[in-house]
Structures are given as C-alpha cells and as structure tokens.
Amino acid sequence: MTHHALNFAELTPREAYKVMIGTIVPRPIAWVTTVSPEGVVNAAPYSFFNCLSADPPILALGVENKPDRSFKDTAYNIRMTECFTVNIVDRANVGTMSVTAAAFGPEVDELEMAGLTAVPGEKVACPRIAEAPVAFECRRYLGIEVSSAREIILGQIVMAHVREDVIDLGTYYSDHEKLDAIGRMGGNGYAGTLDYFDLATPSAEEVLSARKARA
C-alpha cells in the first residue's frame, strides 16, 4: 500500500488542521473551567490536550485564538488568574459538554447554561464540574506562544478529584469502564474508550527469542 506524501509547508493552516484532527485520534478532551477577573465562570472543551509529565505533574492545552487573534475566554482567564481546572468528559456528559462549546459571550456562565454544578476549587480559585468523573485543579506553569494564532498552556496539577467508583486508592488504578471517557475524532466525531484490550510490552529477550524461532 502506498502513502500520500503531504508537505506541511505546502498546506494551508486549515488543511494541516484537517489532516491532524482526522489522523491523531482519539484525542482526550479537556473540559476546561476558568473564572474571569470579574468572577464569571467559563467552561469550554479542548481536544488539543494531554498529560506530559508526572514529576512534576504537567498537562498541556493547545488553545487557538479568535480569528482577530484576540484571546479566547479560556486563555485570557488563565493569563489573568494563573489557574484553571481540567474536567474529564465521560459518555454521560457529552450532551452538556457540547452546550459549553457554543460561542457564548464572555459574560455568560456556560455551566449555568448547560445545567451543570460548579464546585469551588480546594487549591485554586476556580471551580470544577461536579458531574464530571475526574477533575484536575491546575496552576499555570508556562505559556508558549507558538504563533499569533495559538498558545500552548502548561498546567501543574495541584489537586485531583476522582469519583469514588473509578479509582482504587489501594493501588491508584482506575477502572476504565466506570470512567467511560470520551475522545475526539475528526469533524463532529467522538469515540468511546470501552473498546479496550491489554497488550503487555515484551522483554528484549522475548523479542529476540521469537525472531530466532521464526528464522
């Protein structure tokens, strides 16, 4: 099977975006809550998101600016307050998550519009979403302006809230079925995480033994 060779230097930003979101899948969704300097709660989902480090515990958000290059509410609020909370989206909350993705003005509380419950943060001055199975309270660690169109925001996790049926505090393992997290695909697509299987990483000795046996 042959491959199309796509030179990103020859693609428009929109074309590059479509290639990436259609093939880098599924992407976890950061359901980000922030508070404006005026005290208005904002919530919005972002799928340019992942964890990058456990020591220190760092996660990253890729936040696109508005067409006029001004900051979206999330990026502006994080800059002004130095904190944010990442809530994990499960199947039960897909509908309410989509409501918070609507283009409301900065004066609108998206959690109120979606009928969601804001719970005050314990370590940061930013609420989490009570209905979310997991939430990470974060302090802004670093902001990287990769262009006038986009910023990468690194956050240091200072507190996690994990629903009791999801995590075992004896082992700190989480039950993926109870979590039932949802990821983002291309276009309007989403994917669940219940299509799950285990595959142990082989040792170098096992790989060499298998190669020898095939030979």
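The structure reproduced in this document is the subject of the present report. (Residues numbered from 1 in each chain as written. Predicted model: local features only at pLDDT ≥ 70, side-chain atom pairs only at ≥ 80, totals over all residues. Heavy atoms only, no water.)

Within the largest apolar cluster, 19 residues are counted, with the highest numbers of intra-cluster contacts made by V32, F49, L61, F84, V86 and I153. For this core, the secondary-structure elements that each account for two or more residues are strand 2 (30-35), strand 3 (41-46), strand 5 (57-64), helix 2 (73-81), strand 6 (83-88) and strand 9 (134-147). For V32, the contacting residues outside a window of four places in its chain are N42, A43, A44, Y46, L61, T74, F84, T85 and V86. (Core = buried A, V, L, I, M, F, W, Y, C linked by side-chain atoms within 4.5 Å. Buried < 20%, exposed > 50% of the residue type's maximum accessible area, 1.4 Å probe, protein only. Helix = DSSP H or I, 4+ residues; strand = E, 2+ residues; numbered from the N terminus. Contact = heavy atoms within 4.5 Å.)

It is worth spelling out the layout of surface pockets at this point. Of the voids in this model, the largest pocket is the one considered here, and its volume is about 1,200 Å³. Forming the walls of the largest pocket are 42 residues, and the residues nearest its centre are Y17, P45, Y46, E64 and K72. For the lining of the largest pocket, the elements supplying multiple residues, two or more each, are helix 1 (13-23), strand 3, strand 5, helix 2, helix 3 (94-100) and strand 9. With seven residues, helix 1 is the single largest residue contributor to the lining of the largest pocket. Looking at the lining of the largest pocket, its residues break down into 22 nonpolar, nine polar and eleven charged. P28, F49, I88, F136 and L179 are the residues nearest the centre of the second largest pocket, which is lined by 26 residues in total. Going through the elements one at a time, strand 1 (27-28), strand 4 (49-54), strand 5, strand 9, strand 10 (150-162), helix 5 (176-179) and strand 13 (182-184) are the ones with two or more residues in the lining of the second largest pocket. By residue class, the composition of the lining of the second largest pocket is 19 nonpolar, six polar and one charged. (1 Å grid on protein atoms, 1.4 Å probe; cavity = no way out; pocket = protein on both sides within 12 Å on 5 of 7 lines; lining within 4 Å. Points joined across faces, edges and corners; volume = space filled by probe spheres on them. Nonpolar A, V, L, I, M, F, W, Y, C, P; charged D, E, K, R; others polar.)

Any link to function would need more than the numbers given here.
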